[in-house]
Amino acid sequence: MSVPHAPVLLVEDDPNDVLLIQRAFRKANLLNPVQVVGDGEEAIAYLSGQGVYADRERHPLPILILLDLKLPRKSGHEVLAWLRRQPELKRLPAVVLTSSREAADVNRVYDLGANSYLVKPVAFDDLLKMTQTLHMY
Amino acid sequence: MSESPNFSPPSAAQEDDRGRPPFRILLVDDDEDDYIIVRDLLAEIRGWKFELKWVATYEIALEAIQRRPCDVCLIDYRLGARSGLEFLRQASGINRRVPMILLTGQGGHEIDVEAMRAGAADFLVKGRIDAALLERSIRYAVERTRTLEALQKAQEELERRVAELSRANETLAEKERLLNSFHRAAQTILSPLDPAQILDNLAKQIVEAGIFRSLMVALVDEGAKRVEISRGLWRDPDGHILWNPQQMVGASYALEDDNITAQVARTGEMQVVEEWDERFDRRFSQPEDRRGKVSYFIPVKQGGRVLAVLATGSQVEEKEETLRRIEVMRPLLDQIAIALEHARLYREVQEYGQQLIAINRSLAEINRNLEAEIAERKQAEEALRRAHDDLKETNAELESFTYSVSHDLRAPLRAMQGFADALQEDYADRLDPTGQDYAWRIVAAARRMDTLIQDLLTYSRLSRADLRLHPISLRGMAKDVLAQMDEEFRERNAQVTVQGPLPEVVGHRATLVQVVMNLLANAVKFVNPDTPPCVRIWAEDRDGWVRLCVEDNGIGIAPEHHERIFRVFERLHGVETYPGTGIGLAIVRKGMERMGGRVGVESEVGRGSRFWIELPKAEDEP
């Protein structure tokens, strides 16, 4: 990551998964703060700077989105679709968190416009590898 | 003096030999002096023998001419009261063959002419006659008369011939008339295509034209072997036409019957019967009726077959004529036979036409039935398609349900695994071995549960999937599978080799990958703990099928379990010995079933196992 303190937006509703991902970040020595939103609508609100997220001091734009697909209110697909329609945000790296390595699911992820995927539970070295890959962009 | 072929005076030499009667001359003269002169003159004539008879009156002369003909007659013109001309005329009337020579006085030209007109052959002027003249005159008169006679004969002959010719002409004319009527008759007779009508017209024309006075027509029914009277016509003396005299129409006879019409129909021979015959049908004629009459029965034939019989009658006197007319009619009868044949053929064609129409109609009906069937089938297909769509929908719903369910089931497992791991890693120093162990067991249990759910998901998906089959390169697939499982193989120190060429098969790639992976996973798992797994993979050609074999050096399977192991949740070992969900082989079998293939095993305890799967061989690309 070029900017050490730029946050990562984690869009995940399962608290266990959130905890484990945060742990993974720690183990990978990634210092970026992890901003968590619990559903698709909140994700869009955060990214578009609505409501409480208008305060970009406290809620700066992330440099990476970790996106679960199964979310309440708006699904990961919808968030992704929305994201890719925003002129300023469409280049924002989005990594999908998937629960399976099934080829069909993986292909779908790329079709949606994601840059990569991580299989849950996220092993910290996978996370590390991914960030390193993204860093090369 | 001209010689005529019929009249050559004998020469003096011949006269005696031939012995011909003397030339007889009759002199009709009332003057004896004339007689003497003539006698003397005649004596002077050489070469002829004469017999001279002298009569003095016309009456006696006429008598003489009547009774005893002479060869020439010399007549005095002026004889008594009567004139010579009158005598001439009378004599000519009695016997025209006697040449007559007029003896005249100082006659004038008019007299001569009159005399000739009256029949005299020549005239002589008394006082100027000499022997030579007399001879010449006689000769001339005789010749002339004979010539006239010949001419007359010729004339008569000519007239006779002319009369004959004219009679012949008349006959011809009548024949022509007949033919013309036949012609006209033929045209109307032959034009219709209904045999009954043809014969009708024939009968009418013939009877109306007076060719025959009556006509009966009987038609032959070859199929029924019968002959039936179909028409009867009779023309009475006033010319009125009577239809169906004696109610004959409808009478029918079997061809074998002893009836004249039937016989003629059977034999094809014309019969002419005078008066009565036993073979006549007593319903229509009695012996009395036929007295003085002749009956004629004429067959109408075509190609050896009798198509009809005509019958007519006549008086006995007319038999010749009637037979002649029948002969004249023969060509017409032939034509009629042909027309009847045509009519029959036409009727046959019409019948065929009707049959064709009927067949067409049945065909149309069959067609309609077929169409109805097709419509029904289409409906059934529609229903099937709808059922299929419903099923797909249900399947899709089930799929998403299953997916969601399994997804949600796996989330807590993830948590269990994750935190157990975290516990082990982050709190390793604060956990004693037992604690470590507990944490480890949590992870193991969670992992097992996860695998189970995945397997169940796979199995369920296989059951519902509509697999679209396609050609698969076994070689390529094997490579991918081995690559994917490479880590596991290395972990277990397993040696997995592919032997020989692997052909192309028809199947579903993803499913086949799953199947082979499951088989290989088993192959490297179920070994003796101290034995490195050794797995061989090869393909066998089996008559349109490809058998892929996976042979291991594992613990083997007892024959009594060969069937059980393919069932869901069936395990032969405890979880501790060899881990597994018990679904792996069920997935293999289900997967093979869905691809239209088979799976089997050859194995014995302690001798390893050879699992095989079979799929159809892919057709060679042209």
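Participant: What exactly am I supposed to notice about the overall build of chain A here?
Facilitator: Within chain A one finds 5 helices and 5 strands. Counted from the first residue to the last, chain A has its helices and strands arranged as β-α-β-α-β-α-β-α-β-α. Partitioning the intrachain contacts of chain A with sequence separation of at least 6 by distance along the chain shows that 63% fall at a separation of at least 24. Accessible area of chain A: about 7100 Å², with a carbon and sulfur share of 52%.

Participant: Please clarify how the sheet that holds strand 21 (residues 609–616) of chain B should be interpreted in this entry.
Facilitator: Strand-to-strand pairing in sheets goes through backbone hydrogen bonds, with the strands running parallel or antiparallel. Residue and element names in this part refer to chain B. Taking strand neighbours across the sheet as the criterion, the 5 strands line up as 16-18-19-21-20 in an open arrangement whose pairing is mixed. Two strands close off the open sheet at either side, each with one partner strand: strand 16 (495–499) and strand 20 (598–603). Ignoring which end each strand starts from, the neighbouring axes of this sheet average 20 degrees apart.

Participant: I keep staring at the packing of helix 2 (residues 40–48) of chain A against helix 3 (residues 76–85) of chain A and nothing clicks. Help me out?
Facilitator: Residues and elements named next belong to chain A. Relative orientation of the contacting elements helix 2 and helix 3 amounts to 20 degrees, with a least axis distance of 9 Å. Taken as axis vectors, helix 2 and helix 3 run roughly parallel relative to one another. Helix 3 is crossed by helix 2, and the crossing has right-handed handedness. Of helix 3, the residues touching helix 2 (which contributes G40, A43, I44, L47 and S48) are V79, W82 and L83. A per-class count over the contact of helix 2 with helix 3 returns 6 nonpolar, 2 polar and no charged.

Participant: What is the right way to look at the confidence of the model for chain A in this model?
Facilitator: Low-pLDDT stretches of the model should not have their predicted coordinates read in fine detail. Here chain A averages 84 in pLDDT, and 92% of its residues register 70 or above. Of all secondary-structure elements in chain A, the lowest mean pLDDT belongs to helix 4 (residues 103–112) of chain A, at 76, while strand 1 (residues 8–11) of chain A reaches the highest, 94.

Participant: Honestly, the interface of chain A and chain B in this entry has me stumped. Any pointers?
Facilitator: How big an interface is tends to be stated in terms of accessible area lost as the parts join. Listed as interface residues are 14 residues of chain A and, on the opposing side, 14 residues of chain B. When chain A packs against chain B, the two sides together hide about 1300 Å² of surface, and 48% of this comes from carbon and sulfur. Broken down residue by residue, the surface that chain A buries against chain B is led by R23, K70 and S99 of chain A, which jointly contribute 39%. Counting across the interface, chain A meets chain B through 4 salt bridges. Close ionic contact of D17 of chain A with R414 of chain B constitutes a salt bridge, the shortest N to O distance being 3.1 Å. At 6 residues, helix 1 (residues 15–27) of chain A tops the list of elements feeding residues into the side of chain A that touches chain B.

Participant: Looking at this structure, I do not really get the pairing of strand 1 (residues 23–28) of chain B. What am I missing?
Facilitator: Successive side chains on a regular strand alternate, one facing one side of the sheet and the next facing the other. Residue and element names in this part refer to chain B. Most of strand 1 is tucked away, with 5 of its 6 residues classed as buried. Both strand 1 and strand 2 (residues 50–55) contribute to a ladder of 6 bridges, which runs parallel. Within strand 2, the residue paired with R24 across the bridge is E51. For the handedness criterion, the β-α-β arrangement of strand 1, helix 2 (residues 32–44) and strand 2 is classed as right-handed.

Participant: Would you mind showing me how to read the pattern of salt bridges here?
Facilitator: Opposite charge on two side chains allows them to pair when their charged atoms are near. Residues and elements named next belong to chain B. Throughout the structure, instances matching the rule amount to 45 salt bridges over all chains. For R610, the salt bridge goes to E551, with nearest N and O atoms at 2.9 Å. Linking R610 in strand 21 with E551 in strand 19 (residues 545–551), this pair joins segments that are 59 residues apart in sequence. Residue R610 is classed as partly exposed on the basis of its relative accessible area of 26%. Beyond isolated ion pairs, a larger network of salt bridges with shared partners links R536, R547, E551, R598, E602, R610 and E614.

Participant: Would you mind going over the sheet that holds strand 5 (residues 116–119) of chain A with me for this structure?
Facilitator: Residues and elements named next belong to chain A. What the 5 strands build is an open sheet, ordered 2-1-3-4-5; its pairing is parallel. Of all the strands in the sheet, just strand 2 (34–37) and strand 5 have a single pairing partner and so form its edges. Taken over all neighbouring pairs, the strand axes of this sheet differ in orientation by 25 degrees on average, direction set aside. Inspection of the sheet shows strand 1 paired to strand 3 (residues 64–68) by 4 bridges, in the parallel sense. The residue of strand 3 that forms the bridge with V11 is L67.

Participant: Looking at this structure, how should I read helix 1 of chain A?
Facilitator: Since one α-helical turn is 3.6 residues long, residues separated by three or four positions face the same way. Residues and elements named next belong to chain A. For helix 1, with 13 residues, the first-to-last C-alpha span of 18 Å sits near the 18 Å given by 1.5 Å per residue. All of the buried residues along helix 1 are D17, V18, L20, I21, R23, A24 and F25. Between the side-chain oxygen of the N-cap and the backbone nitrogen of N16 there are 2.9 Å, and the N-cap of helix 1 in question is D14. Downstream of helix 1 by one or two residues, N29 has phi in the positive range, about 60 degrees.

Participant: Honestly, the packing of aromatic side chains in this entry has me stumped. Any pointers?
Facilitator: Each aromatic ring pair is specified by the distance between its two centres and by the angle formed by the two planes. On inspection of all chains with the given rule, the structure shows 7 aromatic pairs over all chains. With centroids separated by 4.9 Å and ring planes inclined at 45 degrees, the aromatic side chains of Y46 of chain A and Y53 of chain A adopt a geometry described as tilted. Classification of Y53 of chain A as buried rests on a relative accessible area of 11%. Note on F566 of chain B and F611 of chain B: the rings are 6.2 Å apart at their centroids and 70 degrees apart in plane angle, and the pair reads as edge-to-face. Linking F566 of chain B in the loop between strand 19 and helix 14 (584–594) with F611 of chain B in strand 21, this pair joins segments that are 45 residues apart in sequence. Across the pair, F611 of chain B and F566 of chain B agree in class, each one buried. An aromatic cluster of at least three residues, connected via ring pairs, comprises W276, F280 and F297 of chain B.

Participant: Would you mind going over the side chain of D17 of chain A with me for this structure?
Facilitator: Of note, D17 of chain A is situated in helix 1. In this structure D17 of chain A comes out as buried when scored by relative accessible area, which is 3%. Not counting residues within four places of it along the chain, the set of residues in contact with D17 of chain A comprises E12 and K120 of chain A together with R414 of chain B.

Participant: Is there a simple way to think about the nonpolar core in this case?
Facilitator: Most often, soluble globular proteins keep nonpolar side chains buried together rather than apart. Residues and elements named next belong to chain B. In terms of nonpolar packing, the biggest core is built from 37 residues, with M477, L512, L520 and I613 touching the most fellow members. Secondary-structure elements contributing two or more residues to this core are helix 11 (474–484), helix 13 (509–525), strand 18 (534–542), strand 19, helix 14, strand 20 and strand 21. Top contributing element to this core by residue count: helix 13, with 8 residues. Not counting the four nearest positions on each side in its chain, I613 is found in contact with L512, V515, V516, L519, V546, R547, L548, M592, R598 and V599. Membership of the second largest hydrophobic core comes to 28 residues, among which are V294, L307, I326 and A337.

Participant: Is there a simple way to think about the pairing of strand 6 (residues 100–104) of chain B in this case?
Facilitator: Residues and elements named next belong to chain B. In terms of residue burial, strand 6 counts as a mostly covered element, since 5 of its 5 residues are buried. Looking at chain direction, strand 3 (residues 72–76) and strand 6 are connected through 4 bridges and run parallel. By the bridge assignment, C73 is partnered in strand 6 with M100. Here strand 6 pairs with strand 7 (residues 122–125) via 4 bridges, running parallel.

Calculation notes
- Every residue gets a number counted from 1 within its own chain, in the order that chain's sequence is written.
- Chains and ligands are labelled by the order in which they are written, letters from A for the one and numbers from 1 for the other.
- Under the rules for a predicted model, residues below a pLDDT of 70 receive no local features and side-chain atom pairs below 80 are neither given nor counted, while totals for whole chains, interfaces and linings still include all residues.
- With hydrogens and water excluded, all non-hydrogen atoms of the structure serve as input to the side-chain values.
- Secondary structure follows DSSP: runs of H or I at least 4 residues long count as helices, runs of E at least 2 residues long count as strands, and numbering of each begins at the N terminus.
- Any two residues whose heavy atoms approach within 4.5 Å are treated as being in contact.
- Note on areas: these come from Shrake-Rupley sampling with a 1.4 Å probe, and a residue is covered only by the protein chains present in the view.
- We call two strands paired when DSSP finds no fewer than two bridges between them.
- Orientation is described by axes fitted as lines to C-alpha atoms, over the contacting stretch for helices, and by angles from 0 to 180 degrees between their N-to-C directions.
- Here the word oblique covers every angle except those under 35 degrees (roughly parallel), over 145 (roughly antiparallel) and from 65 to 115 (roughly perpendicular).
- We call a crossing left-handed when the near helix sits turned anticlockwise from the far one by less than a right angle, and right-handed when that turn is clockwise.
- Classification convention: Asp, Glu, Lys, Arg as charged; Ala, Val, Leu, Ile, Met, Phe, Trp, Tyr, Cys, Pro as nonpolar; all other residues, Gly among them, as polar.
- Along the chain, pLDDT gives the predictor's confidence residue by residue, from 0 to 100.
- Reported buried area values correspond to the accessible surface (1.4 Å probe) lost by two parts on association, with both partners' losses combined.
- Any carboxyl oxygen of Asp or Glu within 4 Å of a side-chain nitrogen of Lys or Arg constitutes a salt bridge here.
- For every residue, the accessible area (1.4 Å probe, protein chains only) is compared with the maximum for its type, and the residue is labelled buried under 20%, exposed over 50%, or partly exposed between those bounds.
- Note on handedness: a crossover is taken as right-handed if, strands pointing away from the viewer, the path from the first strand over the helix to the second is clockwise.
- An expected span of 1.5 Å times one less than the residue number is assigned to each helix.
- Within 3.5 Å is the distance limit for a polar contact, defined as a pair of N or O atoms, with the added protein rule that one can donate a hydrogen and the other accept it, and that residues adjacent in sequence qualify only through two side-chain atoms.
- Only Phe, Tyr and Trp rings take part, Trp by its six-membered ring, and two of them pair if their centres are within 6.5 Å. Stacked means planes under 30 degrees apart, edge-to-face means over 60, and tilted covers everything else.
- Each nonpolar core is a collection of buried residues, namely Ala, Val, Leu, Ile, Met, Phe, Trp, Tyr and Cys, held together in the definition by side-chain atoms within 4.5 Å.

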